[in-house]
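# Examining the three-dimensional arrangement
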Amino acid sequence: MKKGCPYGTHRVISPKGVLPQPADVIDNTMEIYDNEVLIDVKTLNVDSASFTEIERRAGGDVEEIKKIMLGIVAKAGKHKNPWTGSGGMLIGTVKEVGPAYVGDLKPGDKIATLVSLSLTPLVIEEILEVRPEIDQVDIKGQAILFQSGIYAKLPEDMEEGLALSALDVAGAPAQTAKLVKPGQTVVVIGGGGKSGLLCLYEAKKRAGVTGKVICVAGSPKSEARAKNLDLADEYIVHDATDAVGMYNKIMELTDGQLADIVINCVNIENTEMASILACKDDGLVYFFSMATSFTKAALGAEGVGKDVNMIIGNGYTKGHAAITLQCLREHEGLRQLFKEMYA
């Protein structure tokens with residue numbers, strides 16, 4: 001059995017010398033190296049920005065979505081969206097564990113991989129079902145988890161689909177839990193979406209009674225979703241691509257102080273400046289959205305003379321799976337909504 005690099009560089013075909021995520025093509029042969037794990041895949045949870053773009057290019061046609069997804073994997077050996085660069089994650093059952101793999105996985109374990117599909121060797125034999133409303137795709141296929149690949153064993157107290165939908169965005173609420181301090185003013189843009197709802201919950205919990213959490217929703221429907229669960233102190237519907245309009249609304253809601261922390265959870269382009277303008281100088285903007293252009297964010301902040309700290313939405317932070325699943329355990333309304341929408 002061949003020896004593998006912990007980071008999966010042995011799978012990179014082109015360009016040579018890069019890690020699997022930025023690689024254009026990786027080897028998706030499902031014969032494992034000594035430190036890899038082979039997974040029988042059940043469901044792909046495609047990144048929201050990625051699925052939105054695929055669906056747009058397919059004109060909403062499910063068969064066309066299947067063709068695009070199969071084409072991506074056939075060409076790259078992984079599901080890395082060529083237009084957004086993002087992937088998603090998967091759930092499945094461990095089939096085989098390499099003899100040199102260090103960890104507690106064994107055949108039969110049901111897991112969710114918490115590393116992106118944009119770096120995961122994947123074979124799709126057949127797409128069984130596409131659920132566009134929740135960005136999930138059931139497949140018959142297999143995938144490889146590298147030694148460095150993080151994962152979560154699926155919890156026994158909730159349905160697989162429910163756990164998958166929450167774990168897909170686990171980095172966002174967990175980072176929110178780390179960043180938000182008591183008494184702060186927090187704006188969550190895209191607050192009515194999957195990651196946004198979880199971020200609102202954590203922000204309100206951490207900011208406490210002396211803080212203020214503002215939910216910015218993209219539609220009345222998503223605003224109502226957050227409002228019905230009492231996840232924020234203020235709720236507004238606003239187009240996140242309208243930066244000056246956003247600035248004016250947040251100025252009004254904060255008595256001209258603006259936000260200590262702005263969390264961007266939207267899945268569309270050109271929302272960088274609305275996030276930056278809503279934040280006070282020396283404040284913090286957390287871009288969880290994979291539709292973010294960090295060039296636009298950096299140059300845009302400079303262009304308007306904004307001295308804000310900006311964090312890239314790393315999908316991983318220590319304990320993120322446990323923190324996110326705990327959100328659903330603590331808030332029954334949130335759990336029920338996720339169950340209705342995603343499970």
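Everything here concerns the structure above.
Take the sheet that holds strand β3 (residues 37–46) next. The six strands lie next to each other as β6-β7-β3-β4-β5-β8, forming an open sheet whose pairing is antiparallel. One side of each edge strand has no neighbouring strand; the edge strands of this open sheet are β6 (122–131) and β8 (151–153). Taken pair by pair, the neighbouring strands of this sheet meet at an average axis angle of 30 degrees, ignoring direction.

The sheet built from six strands is open, its strands ordered β11-β10-β9-β12-β13-β14 with parallel pairing. A strand with exactly one partner marks an edge of an open sheet, and here the two such strands are β11 (234–237) and β14 (309–312). Across the sheet, the mean angle from the axis of one strand to that of its neighbour is 15 degrees, orientation sign disregarded. Here strand β9 (residues 185–189) runs beside strand β10 (residues 212–217); their pairing, made up of five bridges, is parallel. Considered in β10, the bridge of valine 186 is made with valine 213. Across the sheet, helix α4 (residues 171–179) touches β12 (259–264), β13 (279–287) and β14, and the angle it forms with β13 is around 150 degrees.

Time to look at the pattern of salt bridges. Here the structure, examined in full by the defined rule, presents 23 salt bridges. For glutamate 160, the salt bridge goes to lysine 110, with nearest N and O atoms at 3.2 Å. Taken together, the residues glutamate 160 in helix α3 (residues 160–167) and lysine 110 in strand β5 (residues 110–113) connect sequence positions 50 residues apart. What makes glutamate 160 partly exposed here is its relative accessible area of 21%.

This part covers the pairing of β14. Of the strand pairs in this sheet, β13 and β14 are connected by four bridges, and their pairing is parallel. When the sheet's bridge partners are listed, phenylalanine 287 is paired in β14 with isoleucine 312.

Before going further, it helps to spend a moment on unusual backbone geometry. Leaving glycine out, the prevailing phi sign among residues is negative, and the prevailing peptide bond configuration is trans. Here serine 14 and proline 15 are connected by a cis peptide whose omega angle stands at -15 degrees. Turning to its location among the elements, proline 15 is positioned in the loop between β1 (12–14) and β2 (25–26). Non-glycine residue aspartate 135 carries a positive phi angle of around 60 degrees. The class for aspartate 135 is buried, based on a relative accessible area of 14%. Residue aspartate 282 is not a glycine yet carries a positive backbone phi of 70 degrees.

Reading the values: the criteria
- Residues numbered from 1 in each chain as written.
- Predicted model: local features only at pLDDT ≥ 70, side-chain atom pairs only at ≥ 80, totals over all residues.
- Heavy atoms only, no water.
- Pairing = 2+ DSSP bridges.
- Helix = DSSP H or I, 4+ residues; strand = E, 2+ residues; numbered from the N terminus.
- Axes fitted to C-alpha atoms, helices over the stretch in contact; angles between N-to-C directions.
- Contact = heavy atoms within 4.5 Å.
- Salt bridge = Lys/Arg side-chain N within 4 Å of Asp/Glu carboxyl O.
- Buried < 20%, exposed > 50% of the residue type's maximum accessible area, 1.4 Å probe, protein only.

In short, geometric facts, not functional conclusions.
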